[in-house]
Amino acid sequence: MRADVKELRRALEEGFAALGDRVDAARREVVDALDDRVRGLHDDQRETRDHVRSLSDRLARADHSVPALREDVAALTDLVRGLHTELGSIAALLPALGTTAIPDGGGQPAPSGQAVPAEPPQASPAPAVRPGAAPQSTVPATTPQGVPVTTSPAPGEQPSQEETDRAQALKRAVEAAYLGTSADQPSPTAQPPAGKPQDPEVEHGVLLLRAAGVASAEVVAHRHTWEWLAARAADHDHFRTPPAVDDLPDGRIRTTVSGRSLIALLIVLWETRATSGLNGDWALASTTYQRAATALTGVTGQGSTVRIVLDDGHGQDDEHDEEGGDSQNQGPVGWGR
């Protein structure tokens, strides 16, 4: 009996010793695994910290470079605007590149197929700067049609004192003509001399002032004509696309433009008349400008509606009035017949 107890005790001691060895081995494995994992986490944290620091440095450099990039973009924008102006001037002068066969100095016609430059036209006086525009500083030139052409000052160039004085004098003359006073001695009773022709630049400025006082103007035309007008004025700072363009029979449209957009249309049409040759652009610009001038001249300031109608094919205003509701009661200033 005692031998059995001893044998059992020895077996238990050996079992507990083996279990302790296994527990120690398992603990060492867990500790080693945890050490490896913690070491890996530390490495990942270090890499993340280094990556964040690198990104912070790159963002700091980007922040420092943004103002320089903005300056470069502004400089490029000025260059593009200057190039656009120069291209416009070149396009206006393209008709001057044409040639005309004329007799030579001995009175004999030039040989067949030989062309010599056409006789240069007489230079016309430089046009005044349009009201609301920056003074122009370059020497005016003329197209073969005798239309004055001027170029705008280069970006950053300041107008001369003479040009500034001339622009101020033109604005005073326009305001005087608009108010019906004298530019030299403003007086409500002063009137321009009878029969004296008005300066076209002054007349144009008066139209701009009249348009500035208009809340809205109705335009009736064919859709193709309106698309041409809108495309011409789209790049002007004061033009705004009308919120609605209503369809009328026979491909016509009716829309309403603000006084500000009307100013943009007048300026663009004025410039197109001056720079275009005897072509479709000149015809559309001249006709639309003259009719807008007629409508603005007829405004009485008593609630009249300015109506610009490019619709010579329809002979009755009543047709438009019926389509426009109660416009008969608004005292429309219509033309185009």
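Our structure is the block above this text.
Residues numbered from 1 in each chain as written. Predicted model: local features only at pLDDT ≥ 70, side-chain atom pairs only at ≥ 80, totals over all residues. Heavy atoms only, no water.

Visitor: Hey, could you run me through the packing of helix H2 (residues 161–179) against helix H3 (residues 200–212) in this one?
Guide: The geometry of a pair of packed helices is captured by two quantities: the angle between their axes and the separation between those axes. Relative to each other, H2 and H3 sit at 65 degrees, their axes nearing to 8 Å. Note that H2 runs across H3; the crossing there is right-handed. Facing Leu170, Ala173, Val174, Glu175, Ala177 and Tyr178 of H2, the residues of H3 in contact are Glu201, Val202, Gly205, Val206, Leu209 and Arg210. Its residues assigned to classes, the contact of H2 with H3 comprises eight nonpolar, one polar and three charged. (Axes fitted to C-alpha atoms, helices over the stretch in contact; angles between N-to-C directions. Helix = DSSP H or I, 4+ residues; strand = E, 2+ residues; numbered from the N terminus. Left-handed = near helix turned anticlockwise from the far one by under 90°. Contact = heavy atoms within 4.5 Å. Nonpolar A, V, L, I, M, F, W, Y, C, P; charged D, E, K, R; others polar.)

Visitor: What's the story with the sheet that holds strand S7 (residues 252–258) in this structure? I'm lost.
Guide: Remark on secondary structure: sheet strands pair via backbone hydrogen bonds, oriented parallel or antiparallel. The strand order S6-S7-S5-S8 describes an open sheet built from four strands, whose pairing is mixed. The open sheet is flanked by strand S6 (245–247) and strand S8 (306–309), the only strands paired with a single partner. Looking at each pair of strands side by side, their axes are set apart by 20 degrees on average, direction ignored. Pairing between strand S5 (residues 216–222) and S7: seven bridges, direction antiparallel. Paired with valine 220 across the bridge in S7 is arginine 254. Together, S5, S6 and S7 form the strand contacts of helix H4 (residues 223–233), whose direction differs from that of S5 by roughly 125 degrees. (Pairing = 2+ DSSP bridges.)

Visitor: Is there a simple way to explain H2 in this structure?
Guide: Since the α-helix packs 3.6 residues into each turn, any two residues three or four apart lie on the same face. Here H2 contains 19 residues, and its C-alpha end-to-end distance of 27 Å stays within 8% of the 27 Å for a straight helix at 1.5 Å per residue. Those residues of H2 not exposed but buried are Glu163, Ala167, Leu170, Val174 and Ala176. For H2, the secondary structure elements touched by its buried residues are H3. Two residues or fewer past H2, glycine 180 is found with a positive phi of approximately 75 degrees. (Expected span 1.5 Å × (residues − 1). Buried < 20%, exposed > 50% of the residue type's maximum accessible area, 1.4 Å probe, protein only.)

Visitor: What is the right way to look at the nonpolar core in this model?
Guide: The nonpolar side chains of soluble globular proteins are, as a tendency, buried together. Trp226, Leu229, Leu262, Leu266, Leu296 and Val306 are the most contacted members of the largest nonpolar core, which totals 32 residues. In terms of residues, this core owes the most to one element, helix H5 (residues 259–275), which gives nine residues. (Core = buried A, V, L, I, M, F, W, Y, C linked by side-chain atoms within 4.5 Å.)

Visitor: Looking at this structure, I do not really get unusual backbone geometry. What am I missing?
Guide: Of all residues except glycine, most have a negative phi; of all peptide bonds, most are trans. Non-glycine residue aspartate 250 carries a positive phi angle of around 65 degrees. As for its position among the elements, aspartate 250 is in the loop between S6 and S7.

Visitor: Hey, could you run me through the pattern of salt bridges in this one?
Guide: Should the charged atoms of two oppositely charged side chains come close, the side chains can pair. A full pass over the atoms with the stated rule returns 11 salt bridges. Among the ionic pairs, aspartate 281 bridges to arginine 232, the shortest N-O distance being 2.7 Å. Within this pair, whereas aspartate 281 is found in helix H6 (residues 280–297), its partner arginine 232 is found in helix H4, the two being separated by 49 residues in sequence. Overall, the relative accessible area of 25% leaves aspartate 281 in the partly exposed class. It is possible to trace a salt-bridge network through shared partners that takes in Glu218, Arg254 and Arg307. (Salt bridge = Lys/Arg side-chain N within 4 Å of Asp/Glu carboxyl O.)

Visitor: In this structure, what is going on with the packing of aromatic side chains? I would like to understand it.
Guide: Taken as a whole, this structure holds one aromatic pair when the rule is applied. When the ring of tryptophan 270 is compared with that of tyrosine 289, the centres are 5.9 Å apart and the planes differ by 45 degrees; the resulting orientation is tilted. In this pair, tryptophan 270 is assigned in helix H5 and tyrosine 289 in helix H6, connecting sequence segments 19 residues apart. Comparing tryptophan 270 with tyrosine 289 shows no difference in burial state: the two are buried. (Phe/Tyr/Trp six-rings, centres within 6.5 Å; stacked < 30°, edge-to-face > 60°.)

Visitor: Would you mind showing me how to read the pairing of S7 here?
Guide: On a regular strand, one side chain projects to one face of the sheet and the next to the other, so that they alternate. Across the seven residues of S7, five count as buried, placing the element largely inside the fold. With three bridges joining them, S6 and S7 adopt antiparallel strand pairing. What sits directly across from aspartate 247, in S7, is isoleucine 253. Here S6 folds back onto S7, and the loop between the two strands holds four residues, one of which, aspartate 250, carries a positive phi near 65 degrees.

Visitor: How do you make sense of the pairing of S8 when you look at a structure like this?
Guide: The alternating pattern of S8 places Val306 and Ile308 on one face and Arg307 and Val309 on the opposite face, and all of these are buried. As paired elements, S5 and S8 share four bridges and run parallel to each other. Each bridged residue has a counterpart across the sheet, and for glutamate 218 the counterpart in S8 is arginine 307.

These figures capture arrangement, not role.
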